[in-house]
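What follows is each chain in one-letter form.
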Amino acid sequence: MLILLDRDGVINEDRADFVKSPEELVFIPGSLEAIARLNNAGHLVAVVTNQSCIGRGIITEDQLTAIHSKLHDNLRAVKAHLDAIFVAPDAPWAATQMRKPGPGMMLKAMDRFRQASGETVLIGDSPGDMEAAFVAGCHRVLVQTGKGQRTQRAGLAPHLLPVSVARDLEQAVDYVLEERF
Ligand SMILES: [Mg+2]
């Protein structure tokens, strides 16, 4: 299967003021090891992340590359890897279909890896993640890390339900491996 992961609030701690440097990329406990379990089970794993900090002019593409180098290095240390990282750099006021809740990154990932929507799961923490996955026709799991608890408290739009809710990426990966989503 193809497992698509939101980044902020799923792999690393979400920051209201954006992750602007490698130092600000703080991993959620167990998230890197959870990705290793997906790799070991033979699943494709890709990140689909909105990074409006680029479109807003807060960081450059090079700074994002440095942040993602830290992510790759830390994954390698636990024998894990990502098959791809898809980034939507759009500012909210200039959003294309690539920026979630648009389905663009999910469609691009499914096309790249030739996976049907029924064989694709998105794991995210925000309503926009759930909406993007819904529009793309993917399975979806909401994690309670990052904005997840707030998302759950606020309630999801009825058309997005039912959504599987996991404590964190570690538990979301349990769901994937047990095909419970
Ligand atoms: Mg997020």
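See the structure above.
Fair warning: this is a prediction, and the values are worked out from it, not measured in the lab. (Residues numbered from 1 in each chain as written. Predicted model: local features only at pLDDT ≥ 70, side-chain atom pairs only at ≥ 80, totals over all residues. Heavy atoms only, no water.)

## Structural notes on the overall build of the chain
In step 1: Regarding its fold elements, the chain presents seven helices and six strands.
In step 2: Helices and strands in the chain line up, N terminus first, as β-α-β-α-α-β-α-β-α-β-α-β-α.
In step 3: Expected size for 181 residues packed as a compact globule is a radius of gyration near 16 Å; at 15 Å, the chain falls within 12% of this value.
In step 4: When the backbone C-alpha atoms are referred to their principal axes, the chain occupies close to 40 × 40 × 35 Å. (Helix = DSSP H or I, 4+ residues; strand = E, 2+ residues; numbered from the N terminus. Rg over C-alpha atoms; globule rule 2.2 N^0.38 Å.)

## A few points about the packing of helix H1 (residues 31-40) against helix H7 (residues 169-177)
Angle between the axes and distance between the axes: these two values describe a pair of packed helices.
In step 1: Relative to each other, H1 and H7 sit at 15 degrees, their axes nearing to 8 Å. The pairing of H1 with H7 is recorded here as roughly parallel in orientation. As H1 runs across H7, the sense of the crossing is left-handed. Across the interface between the two elements, Ser31, Ala34, Ile35, Arg37 and Leu38 of H1 pack against Leu169, Glu170, Val173, Asp174, Val176 and Leu177 of H7.
In step 2: Classifying every residue of the contact of H1 with H7 by side-chain character gives seven nonpolar, one polar and three charged. (Axes fitted to C-alpha atoms, helices over the stretch in contact; angles between N-to-C directions. Parallel < 35°, antiparallel > 145°, perpendicular 65-115°, else oblique. Left-handed = near helix turned anticlockwise from the far one by under 90°. Contact = heavy atoms within 4.5 Å. Nonpolar A, V, L, I, M, F, W, Y, C, P; charged D, E, K, R; others polar.)

## Here's the deal with the coordination of the magnesium ion
In step 1: Here the magnesium ion is held by the protein donor atoms Asp6 (OD), Asp8 (O) and Asp125 (OD), which lie 2.1 to 2.2 Å from it.
In step 2: For the magnesium ion, the single-chain donor residues occur in sequence as D-x1-D-x116-D. With Asp6 in the loop between strand E1 (2-5) and H1 and Asp125 in the loop between strand E4 (120-124) and helix H5 (127-136), this residue pair connects regions lying 119 residues apart in the sequence. (Donors = N, O, S within 2.8 Å, 3.2 Å for Na, K, Ca; no water.)

## Looking at the sheet that holds strand E2 (residues 44-50)
In step 1: With parallel pairing, the six strands of this open sheet are ordered in space as E3-E2-E1-E4-E5-E6. Here the strands that pair on one side only, and so sit at the sheet edges, are strand E3 (84-88) and strand E6 (164-166). Across the sheet, the mean angle from the axis of one strand to that of its neighbour is 25 degrees, orientation sign disregarded.
In step 2: Of the pairings in the sheet, the one linking E1 to E2 comprises four bridges and is parallel in character. Residue Ile3 lies in a different strand from E2, and its bridge partner there is Val45.
In step 3: The sheet contacts of helix H4 (residues 104-113) involve E1, E2, E3 and E4, and relative to E3 the element is tilted by about 150 degrees.
In step 4: Together, E4 and strand E5 (139-143) form the strand contacts of H5, whose direction differs from that of E5 by roughly 170 degrees. (Pairing = 2+ DSSP bridges.)

## Brief notes about the nonpolar core
In step 1: By size, the foremost hydrophobic cluster in this structure holds 34 residues, and its most contacted members are Ile3, Leu5, Ile11, Ile35, Leu71, Ile123 and Leu169.
In step 2: Those elements that place two or more of their residues in this core are E1, H1, E2, helix H2 (52-55), helix H3 (61-77), E4, E5 and H7.
In step 3: For Leu71, the residues in contact, after removing those within four places along its chain, are Ile11, Leu25, Phe27, Leu32, Leu82 and Ile85.
In step 4: Membership of the second largest hydrophobic core comes to 17 residues, among which are Ala46, Val48, Phe86 and Ala88. (Core = buried A, V, L, I, M, F, W, Y, C linked by side-chain atoms within 4.5 Å. Buried < 20%, exposed > 50% of the residue type's maximum accessible area, 1.4 Å probe, protein only.)

## Observations concerning the pairing of E4
In step 1: Summarising burial for E4: five of the five residues are buried, a large majority.
In step 2: By the alternation rule, side chains of E4 split into Thr120, Leu122 and Gly124 and Val121 and Ile123, which are all buried.
In step 3: Pairing geometry for E1 and E4, over four bridges, is parallel. Looking at E4, one finds that Leu5 is bridged to Ile123.

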